[in-house]
Amino acid sequence: AAILLPRLAEKSTDDINKSFYKRVFQGMLAGAVMSGLYILIAPYFYQIFLPKYLEAITYSQIFSLTLIFVVPANYVSSAFYAKKMLHPLYFSSTSASIIKIVMFVALGRLYGIWGVIVSTFVMYITNTIYNIYLWKTGIKRRHNAPERLT
């Protein structure tokens, strides 16, 4: 996010919008590659550094799938920050927190660690979709808003 912010701040909202879906897709692809690499490396890492916790390998591998949605969510959040679109950022953060808490309590109590993992995965999926929606509606509002006199 820190690397993206200055680059996005230099671009106009229209420029960001033109490549928005491409960047979101590239983020998902990068997250999938990172997740895939982690899934391959995790067993060796655990055997060397965490041999007492080998039963956690499967949990961590499944949890790594959240990277598919974390990377594009960070891109969209950075775009919100760069363009000072604070309301969508607040809505996104608040909704993600509410979804996470409700699902952690519900699924965590029912299914234990698997419930927490599924909760986190679902939260990132819904947050990414909601962020995309907020970006698109925020862009429409900016284009339809009358010019402000300063």
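Please refer to the structure higher up on the page.
Here we summarise the structure given alongside this text. Being a predicted model, the structure only gives us computed values, none of them experimental.

What to know about the packing of aromatic side chains
So, point 1. If you walk through the whole model with that rule in mind, you get nine aromatic pairs.
So, point 2. Ring geometry for F20 versus Y75: centroids 6.2 Å apart, planes at 45°, classification tilted. Of this pair, F20 sits in helix 3 (residues 20-49) while Y75 sits in helix 5 (residues 67-82), and the two are 55 residues apart along the sequence. In terms of burial, F20 and Y75 fall into one category: buried.
So, point 3. Relative to Y133, the ring of Y130 lies with its centre 6.3 Å away and its plane at 20°, an arrangement referred to as stacked.

Quick look at the nonpolar core
So, point 1. Ranked by internal contacts, the top residues of the largest apolar core, which has 15 residues, are F20, Y75, V76, F80 and W135.
So, point 2. Among the elements of the structure, helix 3, helix 5 and helix 7 (113-144) are those that each provide at least two residues to this core.
So, point 3. Broken down by element, this core gets its largest block of residues, five residues, from helix 5.
So, point 4. Not counting residues within four places of it along the chain, the set of residues in contact with F80 comprises M85, P88, L89, N131, L134 and W135.

So, helix 6 (residues 86-111)
So, point 1. Taking 1.5 Å of rise per residue, 26 residues should cover 38 Å, and helix 6 covers 36 Å from first to last C-alpha, within 8% of that figure.
So, point 2. The largest bend in helix 6 amounts to roughly 25° and is located at F104.
So, point 3. Buried residues of helix 6: P88, L89, S92, S95, A96, M103 and G108, and no others.
So, point 4. A positive backbone phi angle near 65° is found at G112, which sits one or two residues after helix 6.

Notes on the environment of Y59
So, point 1. Tracing the sequence through the fold places Y59 in helix 4 (residues 57-63).
So, point 2. For Y59, a relative accessible area of 27% puts it in the partly exposed group.
So, point 3. For the pair Y59 and I113, spaced 54 residues apart in sequence, the C-alpha separation works out to 8.1 Å.
So, point 4. Contact partners of Y59, with chain neighbours within four places excluded, come to I113, W114 and I117.

Some details on the environment of F45
So, point 1. By secondary structure assignment, the location of F45 is in helix 3.
So, point 2. Along the sequence, F45 and T13 sit 32 residues apart, while their C-alpha atoms lie 42 Å from each other.

What to know about the side chain of S64
So, point 1. Its place among the elements puts S64 in the loop between helix 4 and helix 5.
So, point 2. In this structure, S64 is in contact with S35, Y38 and I39, ignoring residues within four places of it in sequence.

Things to note about the side chain of T128
So, point 1. Along the chain, T128 falls in helix 7.
So, point 2. The class of T128 is buried, set by a relative accessible area of 4%.
So, point 3. From its side chain, T128 meets the backbone oxygen of Y124 in a polar contact 2.8 Å long.
So, point 4. Among residues more than four places away in sequence, those in contact with T128 are F69, P72 and A73.

Rules used in this analysis
- Residues numbered from 1 in each chain as written.
- Predicted model: local features only at pLDDT ≥ 70, side-chain atom pairs only at ≥ 80, totals over all residues.
- Heavy atoms only, no water.
- Phe/Tyr/Trp six-rings, centres within 6.5 Å; stacked < 30°, edge-to-face > 60°.
- Helix = DSSP H or I, 4+ residues; strand = E, 2+ residues; numbered from the N terminus.
- Buried < 20%, exposed > 50% of the residue type's maximum accessible area, 1.4 Å probe, protein only.
- Core = buried A, V, L, I, M, F, W, Y, C linked by side-chain atoms within 4.5 Å.
- Contact = heavy atoms within 4.5 Å.
- Expected span 1.5 Å × (residues − 1).
- Bend = angle between axes of the 7 residues up to and from the residue.
- Polar contact = N/O pair within 3.5 Å; in protein donor to acceptor, adjacent residues only side chain to side chain.

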